[in-house]
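Residues per chain are reported as follows:
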Amino acid sequence: MPARTSRLLRLTVASAVALGVGTSTALAAPADVGAPGIGDPYYKNYGNGGYDVGHYGINVAYDPSSDLLTGTTTITATATQDLRRFNLDFVLKASAVTVNGAPARFSASSHELTVTPATPVTSGGAMTIVVTYAGVPSKVSDNGIRPWVKTADGAVAVGEPEIAAWWYPSNDHPRDKATFDVRATVPKGVEALSNGLVKRITYGKTTDTWVWRSAKPQATYLTFLAVGQFDVTQGTSASGLPWINAVASNGGQEGTYAKADLARTPEVIDWHTRAWGKYPFEATGGVAPAADFGFALENQTRPVYTRGFWRNGPNIYVVVHEQGHQWYGDGVSVHNWKDIWLNEGFATFTTWYWSETHGEGTGQQILQEVYGIPATDAFWSTVIGDPGAGNEFDGAVYDRGAATLQALRNRIGDPAFFQVMRTWAAKHRYGNAQIADFIALAERVSGQDLGRFFHHWLYTGTKPAATAENGLDGVSPTAARVAAPKSLDKIRAVQQVELSARH
Ligand SMILES: [Zn+2]
């Protein structure tokens, strides 16, 4: 996702830390009750304990005229402890829940749906959970968050970290990945788009039903639904990868630019593959709705882009950024949300490297530009290795984040650096990892002690000194740019759309 800043949330978190809020030990759940959170230090109620989801079968009907969404989601999971009670993350109103075929009792509070099966599930046991529900997602707010995007002729379910709970119940944390079938019934005349490949489309008298399957482990927030009038194109890349693109039929001039850039997706994927190794998934593409939600999101196999990215013309950099996440963010996902540098710093670095290989400025030149930001600037105050809840999309996580990787490249040299990047994507593919795992890998591959290097870059709120240790020898802290890299404004524009959307 391109950058989002929230000074308000940053202050809130800082105050909470100062007051010691959140440092007390939570009351432990009884041994046979699933915890209401998976254990993320930023979001204690996100995800759930006690079970591991293998597959979601989401079946929704959506009416754009009323924004009413009705659904039945079937969750196939395995209990990881004895469960007489467990939670799902969900904000719409459930009308029925069954567990292993028997009606279950349930209650809702905030975004937790607490389920009590008729028969407790034993550790290791299979669970099939079916939830029937309905609601108007754009009207539902949880903790001040209302991520569902209503458009003129449909809707877009896209958001990070929050979106899943607004259209299907889940264990809503990247740590519990699963495969997905998304079946969406919509009025004739609009399309329903999601991840992976279309298994079939059933044409009815007044509605059509689209069935999508995403066959590799996928995080809940990376599962999307876009409904509206789209021009859908599809094909197979030279390397054999199926692609499906969709641009709003009423997308205007922005849509024309979007169509041209999304058509380059196979080329972008092939470029990433040469740089970082095997593409992790079975399909690719992109979706550009006629909507101004202010960001793009790297939905697995098929990113979704706000139209503002094409307001000023072509913008291949946003496509490179979102597709870079397929390796860094989607293939390898964060263990906790505080690991967000592994997503945004890395995706941003892929745009620096794209710039370098396309003659628009080298990674080192862009590093020089970022390093030219004065030490007194608030930019350097973000601790990007642990930015705080609500600050995951601070601009520094992107720019200082990418600078960290270019500096690492300077420090350990290209052969070791690219080996680290490729090994990272391969070793943790379809799983999760933490920043400490990346540091350990970089040290192992390079044979260097990089503790102080990463401390300076990731874990201080100050500008790293221009030393060889920091990968900054040869970089002047105050150098005026001689010739700005051609790519710089384009790379920054990827983030500025978000800022302009909010100011
Ligand atoms: Zn991103």
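Please refer to the structure higher up on the page.
Basis of the calculations
- Residues numbered from 1 in each chain as written.
- Predicted model: local features only at pLDDT ≥ 70, side-chain atom pairs only at ≥ 80, totals over all residues.
- Heavy atoms only, no water.
- Salt bridge = Lys/Arg side-chain N within 4 Å of Asp/Glu carboxyl O.
- Helix = DSSP H or I, 4+ residues; strand = E, 2+ residues; numbered from the N terminus.
- Buried < 20%, exposed > 50% of the residue type's maximum accessible area, 1.4 Å probe, protein only.
- Pairing = 2+ DSSP bridges.
- Axes fitted to C-alpha atoms, helices over the stretch in contact; angles between N-to-C directions.
- Polar contact = N/O pair within 3.5 Å; in protein donor to acceptor, adjacent residues only side chain to side chain.

> Any chance you could break down the pattern of salt bridges for me, citing the residues and the numbers?
The final tally for this structure, using the stated rule, is 11 salt bridges. Here Arg 311 and Asp 292 are joined by a salt bridge, their closest N and O atoms 2.9 Å apart. Here the residue Arg 311 occupies a position in the loop between strand 20 (304-305) and helix 4 (316-324), and Asp 292 occupies one in the loop between strand 18 (284-288) and strand 19 (296-297), the gap between them amounting to 19 residues. Residue classification places Asp 292 among the partly exposed residues on the basis of a relative accessible area of 48%. Across the salt bridge formed by Glu 356 and Arg 409, the nearest N and O atoms sit 2.7 Å from each other. Linking Glu 356 in helix 5 (residues 341-357) with Arg 409 in helix 7 (residues 395-412), this pair joins segments that are 53 residues apart in sequence. What you see here is one network of salt bridges that share partners, running through Glu 254, Asp 292, Arg 307 and Arg 311.

> I'd like a rundown of the sheet that holds strand 6 (residues 105-109), residues and numbers included.
Taken in spatial order, the 3 strands line up as 3-7-6 in an open sheet, and their pairing is antiparallel. Edge positions in the sheet fall to strand 3 (86-89) and strand 6, since each of these pairs with one other strand and no more. Between one strand and the next, the sheet's axes are offset by a mean angle of 25°, whatever the strand orientation. Pairing of strand 3 with strand 7 (residues 112-116), which is carried by 4 bridges, proceeds in the antiparallel orientation. By the bridge assignment for strand 7, Phe 86 is matched with Val 115.

> Report on helix 4, specifying residues and quantitative values.
Most of helix 4 sits inside the fold, with 9 of its 9 residues counted as buried. Where helix 4 begins, the side chain of Asn 315 points an oxygen toward the backbone nitrogen of Tyr 317, at a separation of 3.4 Å.

> Outline the sheet that holds strand 11 (residues 178-187), supporting the account with residue identities and numerical values.
Reading across from one edge, 5-4-8-2-1-11-14-13 is the order of the 8 strands in this open sheet, with mixed pairing throughout. Two strands lie at the open edges of the sheet, namely strand 5 (102-103) and strand 13 (197-203), each paired on one side alone. Pairing of strand 2 (residues 68-79) with strand 8 (residues 126-135), which is carried by 10 bridges, proceeds in the antiparallel orientation. When the sheet's bridge partners are listed, Thr 78 is paired in strand 8 with Ala 126.

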